[in-house]
Structure formats: C-alpha cells, structure tokens
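Close look at the chain arrangement
Okay, here's what each chain looks like letter by letter:
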Amino acid sequence: MGRLVRGVLCWLSALLVGAAHAGALTYEPVALGWSHDEVDQATRGTASALAQRAEQTQRLGCQRHCDRLDAVFARLVAVARWQSARSMGLRWSLTVVRLDDVEAMSLPGGQIVISEAFIDRRAQTDEALAFVLAHEMAHSVLEHERQALTFARMLLPRHVPRTVRDMYTEMDYNIGLLKAMEPVVQQGELEADELGLLMASVAGYAPDAQLRFIEREAEFDTLAARLVSTHPPAQVRLEQLKARLPWARRLFDDGPAAAEASWPQGFGAR
Ligand SMILES: [Zn+2]
C-alpha cells in the first residue's frame, strides 16, 4: 500500500523501465505518444521563461513564505520520488515567483512553479500549501501532460507527423480541440487531487485540513462561466476527495515511516 500510484505503472513496468536504462531492448509498456524525454524537452523552458519574466519585474523568488515552502516541498519530494521508477529519477525543483497572474503549475520533468501572491490568497496554512504542491507534483508523477497530448493527437488527422511543439501550436489555435480534450484533462485533475491528497498525507499533513483548500474553492467557484474548463467544478473535486478521506487518514496516522517500510525495494538509493 506504500505505493499510491496504481494502474499505469505497475511493479513489472518499473522493472522494465529499470532494465531499459541498463541497456535492455525494451521500452516503457504504455500506449502514450512521444517519449517522456520528448515531452520534457518541449516543456522544459516554460519554468525558466516564467522565472525570466518574474526577474524582469523584480518578482522572482520568495519573500514571505520561504521557510514554509522549503519545508513542505522537501517533505513532499521525499514521498513523490517513491511513487514510480520514473518519479525517482525526476529532477524535482521549486521555482517561486511573486506574479499576480500565476497560481501553481507543474511541468513533466518535475519542475514546480508557485506564486507567493497565490499563497497569500489561497494557501495560508501548511496543509493547504502541501495539498497545492502535492497536486502539482502528482501531475508530473502521473504523466498527465503526455497523456493529454496523446489524446489530442488521436483527435487530429492521422497521417500528419507532429512533434510535441506542433501539438502546442495546434492547441493555441484550435478551440474545438481543447473543448474535445476537456474530459481527459478534467480526469487528470481528479487524479492529481487524489494522489496529491494521499502523498501529502503520507508527508505528514492532516488530510481534513488539506480539504479546506478545496472547500474554499467550492465557495467561490466560477468555472461554470468558461468556454473550456480545464478543472472540474470544485464541488465535484471536493466530493471525490471526501470519499478518499478514510484512506488518507490512515496514511497520515501511519506516518512516513510505515509507508516507506512497505515500498518495494529496488528503486535505488534515496
Ligand atoms: Zn492540476
């Protein structure tokens, strides 16, 4: 039960991935378009571009929440890297900006970006901050960007070769494609909520207190007015998270030591 990721990457696939790095003639047994590295390379510049924009207006780096961010992120990384063979190898990093138009985001390679303006508005407790960061990290662990890109590729004409960057260009101009992707993208958000809640619980953040972040979101939910909604209604997210509370409470009560004891051996040194 220590590993919270189920389905996409099973223990067997973890072994195969490990074997691939050792030079074996195998590959990740998942039906996703493009490799993890291709998606990582196409998106890697996003965090640095955001940091550059923040730097130009003297809004790069933390000012008010540095200690909290360091402590929460370190505890979450210790949990996140044990979720799969691939998450063990991700270069987890946290970039803090102070931009009003940025909330929190993650990139496939494990780069997390968060704005202190967002923390001030919506994540003032450690539990809320842990939930937000763990949700973003869950997107990286579960390869949601690669999944969404693959789904988008399936909706477009087959015989046109497309790179990951071609897909982002298509998404910039094709609102119909974005609308068609909505169910898959929203499902990814629900998965990130669930894994985020569980990982933050293992990391020592009380699950009931984490849920207050979404409860507050539900009070001010305005997503219904948008043409394309990347996130499900907050009330739907809240109901799903409530259903996972008993599991999250057990993980929280058992603590990180118990979870680590049940992790499979073989992911390498921590
Ligand atoms: Zn998300």
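Check the entry above for the structure.
A short tour of the structure in this document, coming up. (Residues numbered from 1 in each chain as written. Predicted model: local features only at pLDDT ≥ 70, side-chain atom pairs only at ≥ 80, totals over all residues.)

Now for the packing of helix α7 (residues 126-141) against helix α11 (residues 207-219). Axis separation between α7 and α11 bottoms out at 8 Å; the angle between their running directions is 75°. Judged by the angle between their axes, α7 and α11 are roughly perpendicular. Contacts between α7 and α11 involve E127, A128, A130, F131 and V132 on the former and, on the latter, A209, Q210, R212 and F213. Looking at side-chain class alone, the contact of α7 with α11 contains six nonpolar, one polar and two charged residues. (Axes fitted to C-alpha atoms, helices over the stretch in contact; angles between N-to-C directions. Helix = DSSP H or I, 4+ residues; strand = E, 2+ residues; numbered from the N terminus. Parallel < 35°, antiparallel > 145°, perpendicular 65-115°, else oblique. Contact = placed C-beta atoms within 7 Å. Nonpolar A, V, L, I, M, F, W, Y, C, P; charged D, E, K, R; others polar.)

A large share of strand β3 (residues 111-115) lies buried, amounting to five of its five residues. Neither face of β3 is left uncovered, since the one carrying Q111, V113 and S115 and the one carrying I112 and I114 both have all their residues buried. Both strand β1 (residues 93-97) and β3 contribute to a ladder of five bridges, which runs parallel. Note on β3: the bridge partner recorded for V96 is I114. Two strands pair when backbone bridges link them, and strand β2 (residues 104-106) and β3 are joined in this way by three bridges, in the antiparallel orientation. Among the inter-strand pairings, S106 is bridged to a residue of β3, identified as I112. If you look at the hairpin formed by β2 and β3, you'll find four residues sitting between the two strands, and G110 has a positive phi there, around 100°. (Buried ≥ 20, exposed ≤ 12 C-beta atoms within 10 Å, placed from the backbone. Pairing = 2+ DSSP bridges.)

A few words now on the sheet that holds β1. Spatially, β1-β3-β2 is the arrangement adopted by the three strands of the open sheet, whose pairing is mixed. Looking at strand neighbours, the two that pair on one side only are β1 and β2, the edges of this open sheet. If you compare each strand with its neighbour and ignore which way they point, the axes differ by 15° on average.

The next thing to look at is the nonpolar core. Ranked by size, the top nonpolar core spans 48 residues in total, and within it L76, A130, L133, A134, M137, M199 and A200 carry the most contacts. Looking at this core, the elements with two or more residues in it are α3 (45-56), α4 (66-80), β1, β3, α7, α10 (175-202), α11 and α12 (234-261). Of all hydrophobic cores here, the second largest spans eight residues; its members include A42, A148, L149 and V164. (Core = buried A, V, L, I, M, F, W, Y, C linked by C-beta atoms within 7 Å.)

What follows covers the environment of S106. Inspection of the secondary structure puts S106 in strand β2. Sequence-distant contacts of S106, defined by excluding residues within four places in its chain, comprise I112, E136, M137, H139 and S140.

Even without being glycine, Q58 reaches a positive phi, approximately 55°. Structurally, the position occupied by Q58 is in the loop between α3 and α4. Positioned with a positive phi, E143 is a non-glycine residue whose angle comes to about 55°. Among the structural elements, E143 can be located in the loop between α7 and α8 (144-154). With 23 C-beta atoms counted inside 10 Å, the residue E143 sits in the buried group.

None of this, on its own, says anything about what the molecule does.
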